[in-house]
Amino acid sequence: MKIFITIFTIVFTLGTNAYSNDWQTFFEKSGGMETPRLKETLEYCYRMASVSDMINMVEFGRTPQGRPLVMMIVDKEGLVSPEEIRKRGRVVLLVESAIHPGEPDGKDAMLMLVRDIALTQKHPGLEDNVSILFIPVFNADGHERFGKYNRINQNGPVEMGWRVTAQNYNLNRDFLKADSPEMQAWLKLYNKWQPEFFIDCHTTDGADYQYVLTYKLETYGNMLPDLSDWQTESYLPYIIEKMQSVNYPVFPYVYFRRWHDPRSGLHTGAAPPMLSQGYTALRNRPGLLIETHMLKPYKQRVEATYEMIRFTMELLAKDHEKLMSIIEKADFICAFADFRKNKFPVKFRTSYEDSVMVDFLGIDYTIEESDLSGGLWFKYNGKPKTFRLPFFDHVISEKEVELPDVYIIPAEWTEVIKRLDYHGIEYEITKDEQTIMVDSYKLTNPDWAGSPYEGRFRVSFNTEKIKEERTYPPGSVMVPMNQPLSMVIAYLLEPEANGSLASWGFFNSIFTQKEYSESYVMEEMAREMLAKDPELKKEFMKKIKSDSSFAGNTWGILNWFYSKTPYWDEKKDKYPVGKIFIINK
């Protein structure tokens, strides 16, 4: 059965007779120099679907400018239901391209690979145990901001799309906070399918080196051990050997300790969940980040991406039962109370106390001091050079928290509750007012970024643990942690988690003082307070001596005394989300 959604009237009015039997892609016809626009891309996808029972097309959302978000389903039996596909024992692979449309390598690679699987049967058997979900253009609005000058550092294609959406969102910073309509649609799709493996296709900026393709996998502590082990012991050895066999040696995604400077050494770390593979890690699904090298010819980059995805499918076909079993076990563990017995890491950092030595296939270069900018000018001479470099890959937990049995969110925090829906998190809505004892936090010393980032003013703060009785109105949300998405919940709701909603500014209003005292009232009241409370007097004198800015601030001094009165707003700076521990800690 074919599923057709209205995309462009031309697809229907022309019909399949309007096309020749030539299955070369736009990219191939251009000699590997060009990438198609959205219209041509979708026409090719629908044309393949019209002649192959393996391919179905679905629309999963619309962009703010009204363009369709389209996904291709490739299954050997033409199945379009995740339940039916998994009944056959097949794993689901989600490949996403053009999240950054200036980096369209994955789009052109996958159009060829799908053709070679479903139409020309160039790779027989590749689809036996793997079904593909393919999003050819995730950022459709950005894709159509097409031009020659969208990527200054990049060697092709001739024209390409723009990095961000029409609303100026970088979608690969939005996986957890989900502000964009595109990401909200993507999450709904992901919740439905929960693919066992995910690939996000990119092209990197940075220094010059020999590798056409580098990669990133989450094997540094932000996934359960069995999943990390499968990636390091089963997936990577296979992929590295196979890519070497087709003359595309690969290397972990390149981060230099000093940007552009390979000799400074390499480092890596756990990706935050605002990034694609960092997010799928919290969902207990391996995510592969492909980063082709921007200075390599576009044709090479597309071919390398094609091979990386093809070999990934080969490995998934061989190891599908094992991977499905590991994921099923991981989901069970995350939904089980024992998972919460130990503190849970919500932030990681790379240790620079130890490293391993690696060979890095670089390009020789010199460094000069620029007489124009005053900075360092890196000059690559094009000569291959193998560097022996320290690789700092020891990642440690920087912040750990106690996970409760239940989080409770007051009814009024509607934007936060919406995020639970976007991520497919289960919760219960209270019918009556609830007065309960909760653990929570007081957020102190807030410090906002000086400029907006992804449409929000991010904030950093210190936390103080508090325990108190709170009253929650009807319509508040109880979020149980006995569910597979417990790690996603923790990263959303723990304030100090990397990429938490609090850090993105969803709770910024709690920091604002809304009631004030008049100076002539507090002048008299403050003297009475000092006379009656010797400890308060000691505290005040200590603050005067230790904080020179406070000592010279008349309003600040009187407001400090106001904060010590019963009139002070008891909710100010208090994190509204409560933590309920049903089982004693």
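Here is what the cut-offs are and how they apply
Residues numbered from 1 in each chain as written. Predicted model: local features only at pLDDT ≥ 70, side-chain atom pairs only at ≥ 80, totals over all residues. Heavy atoms only, no water. Helix = DSSP H or I, 4+ residues; strand = E, 2+ residues; numbered from the N terminus. Buried < 20%, exposed > 50% of the residue type's maximum accessible area, 1.4 Å probe, protein only. Contact = heavy atoms within 4.5 Å. Salt bridge = Lys/Arg side-chain N within 4 Å of Asp/Glu carboxyl O. Pairing = 2+ DSSP bridges. Axes fitted to C-alpha atoms, helices over the stretch in contact; angles between N-to-C directions. Core = buried A, V, L, I, M, F, W, Y, C linked by side-chain atoms within 4.5 Å.

**Q** Help me out: how do you make sense of the environment of Phe-348 in this one?
**A** Relative to the elements of secondary structure, Phe-348 occurs in strand β11 (residues 344–350). In this structure Phe-348 comes out as buried when scored by relative accessible area, which is 18%. Sequence separation between Phe-348 and Gly-269 is 79 residues, and the spatial gap between their C-alpha atoms is 7.6 Å. Contacts of Phe-348, omitting those with residues within four sequence positions, involve Tyr-220, Gly-221, Asn-222, Ala-270, Val-395, Ile-396, Ser-397, Glu-398 and Tyr-491.

**Q** Can you walk me through the pattern of salt bridges in this structure?
**A** As a working rule, side chains carrying opposite charge can pair if their charged atoms are close by. If you walk through the whole model with that rule in mind, you get 49 salt bridges. Between Lys-242 and Glu-314 there is a salt bridge, and its shortest N-O distance comes to 4.0 Å. One end of the pair, Lys-242, is in helix α8 (residues 225–245); the other, Glu-314, is in helix α10 (residues 298–334), and 72 residues separate them in sequence. Here Glu-415 makes a salt bridge to Arg-419, at a shortest N to O gap of 2.8 Å. Linking Glu-415 with Arg-419, this pair stays in helix α11 (residues 414–422), spanning four residues, or about one helical turn. Accessibility expressed as a relative area gives 35% for Glu-415, which makes it partly exposed. Here the salt bridges share partners, and the residues they tie into one network are Asp-174, Lys-177, Asp-179, Glu-415, Lys-418, Arg-419 and Arg-456.

**Q** Would you mind going over the sheet that holds strand β3 (residues 91–96) with me for this structure?
**A** Whether parallel or antiparallel, the strands of a sheet pair through hydrogen bonds between backbone atoms. Taken together, the eight strands give an open sheet; going across it, the order is β1-β2-β4-β3-β5-β10-β6-β7, and neighbouring strands pair in mixed fashion. The sheet is open, and its two edges are formed by β1 (55–62) and β7 (250–252), each paired on a single side. Neighbour to neighbour, the strand axes of the sheet diverge by 25° on average, direction disregarded. As defined by bridge partners, strand β6 (residues 213–216) adjoins strand β10 (residues 287–293) across four bridges and the pair is classed as antiparallel. Among the inter-strand pairings, Tyr-215 is bridged to a residue of β10, identified as Ile-290.

**Q** Is there a simple way to think about the side chain of Ser-131 in this case?
**A** Secondary-structure assignment places Ser-131 in strand β4 (residues 130–135). A residue is classified by how much of its surface remains accessible, and Ser-131, at 2% relative accessible area, is buried. Beyond its immediate sequence surroundings of up to four residues, Ser-131 is in contact with Val-74, Asp-75, Ile-85, Arg-90, Val-91, Val-92 and Leu-93.

**Q** What am I meant to see in the sheet that holds strand β9 (residues 261–267) here?
**A** Ordered by their spatial adjacency, four strands build an open sheet running β8-β9-β13-β12, and the pairing between neighbours is mixed. The open sheet has two free edges, formed respectively by β8 (256–258) and β12 (356–369), since each of these has just one partner strand. Averaged over all adjacent pairs, the angle separating strand axes in this sheet is 40°, with direction ignored. Pairing of β12 with strand β13 (residues 376–392) involves 13 bridges; the strand directions are antiparallel. Residue pairing in the sheet places Phe-360 in a bridge with Phe-387 of β13.

**Q** Mind showing me how you'd approach the nonpolar core here?
**A** Generally speaking, a soluble globular protein has its nonpolar side chains buried in company with each other. With 142 residues, the main nonpolar core has Ile-55, Trp-186, Tyr-235, Met-308, Ile-409 and Phe-507 as its most contacted residues. Top contributing element to this core by residue count: α10, with 17 residues. Residues Phe-256, Leu-266, Leu-389 and Phe-391 belong to the second largest nonpolar core, which totals 14 residues.

**Q** Could you clarify how one ought to interpret the pairing of β4 in this entry?
**A** Sheet faces and side chains relate simply in a regular strand, where the side chains alternate between the two faces. For β4, the tally of buried residues reaches six of six residues, placing the bulk of the element in the interior. Residues of β4 alternate between two faces, with Val-130, Ile-132 and Phe-134 on one and Ser-131, Leu-133 and Ile-135 on the opposite face, all of them buried. Bridging between strand β2 (residues 68–74) and β4 involves three bridges; their strand directions are antiparallel. The residue bridging Met-72 from the neighbouring strand is Phe-134, located in β4. Judged from the six bridges that link them, β3 and β4 form a sheet pairing that is parallel. Paired with Val-91 across the bridge in β4 is Val-130.

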